[in-house]
Amino acid sequence: MASATAAAGLLGRQLKQMQTDKDIPGISCGLVDNNVLEWEVMLMISDECKFYGGGNFRARLTFPPEYPLLPPKMKFETPIWHPNIYKTGEVCISILHPPEEDKYGYESAAERWSPVQSPETILLSVISMLSSPNDESPANVEAARQWRDDPKEFKKRVRKCVRDSLEGEW
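Our subject in this report is the structure included herewith. Just so we're clear, the structure is a prediction, and the values are computed from it rather than from any experiment. (Residues numbered from 1 in each chain as written. Predicted model: local features only at pLDDT ≥ 70, side-chain atom pairs only at ≥ 80, totals over all residues. Heavy atoms only, no water.)

So, on to the sheet that holds strand E1 (residues 27-32). Taken together, the four strands give an open sheet; going across it, the order is E1-E2-E3-E4, and neighbouring strands pair in antiparallel fashion. Two strands in the sheet have a free side with no partner beyond their single neighbour: E1 and strand E4 (73-76). The average undirected angle you get between the axes of adjacent strands in this sheet is 25°. Where helix H2 (residues 119-131) meets the sheet, its contacts fall on E1, strand E2 (35-44), strand E3 (56-62) and E4, and the angle it forms with E2 comes to roughly 30°. (Pairing = 2+ DSSP bridges. Helix = DSSP H or I, 4+ residues; strand = E, 2+ residues; numbered from the N terminus. Axes fitted to C-alpha atoms, helices over the stretch in contact; angles between N-to-C directions. Contact = heavy atoms within 4.5 Å.)

Below is the structure:
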């Protein structure tokens, strides 16, 4: 149980740092039910983000007791249409994959989770992913197909997600 205690201490410090750091605009974090292993996150996407700009997307980070040796899971609670986000809201991004060799040979171990990552680097990577989807290894095949083959419809669907995120229509 010592690792869960260590994880809680580290996450408490990381949360406090993120809440006081003025250099990470557009990210707000807090605990769910006072549980340091469960964070509620609000990503307020800058207008500079090509498709998702202006959106406010709520997500949850769930950390394992083995953190930082193992990565957290991230799941959007606000519906979002993106090639690297499952329809359930779960985020599929390399740095959230466990630190082991990819059995499919797609990702190198260097692209996957390592203990030097932090909640801040995860969230900044996810914001970057919103601007630059990886359609070669999609979590949402339909969104990836639309991103590639019908960008006008993709943009239309994403803009609806942005509007809904602002109106709480989910």
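After that view of the structure, there is still more to cover.
The next subject is the pattern of salt bridges. Applying the stated criterion across every chain yields a total of eight salt bridges. Where Arg 60 meets Glu 38, a salt bridge forms, and the shortest distance between an N and an O atom there is 3.6 Å. Taken together, the positions of Arg 60 in strand E3 and Glu 38 in strand E2 put the pair 22 residues apart, joining distant regions of the chain. With a shortest N-O distance of 3.1 Å, Glu 40 and Arg 58 are connected by a salt bridge. With Glu 40 in strand E2 and Arg 58 in strand E3, the pair connects residues that are 18 residues apart, well separated along the chain. Glu 40 sits in the partly exposed class, given a relative accessible area of 30%. (Salt bridge = Lys/Arg side-chain N within 4 Å of Asp/Glu carboxyl O. Buried < 20%, exposed > 50% of the residue type's maximum accessible area, 1.4 Å probe, protein only.)

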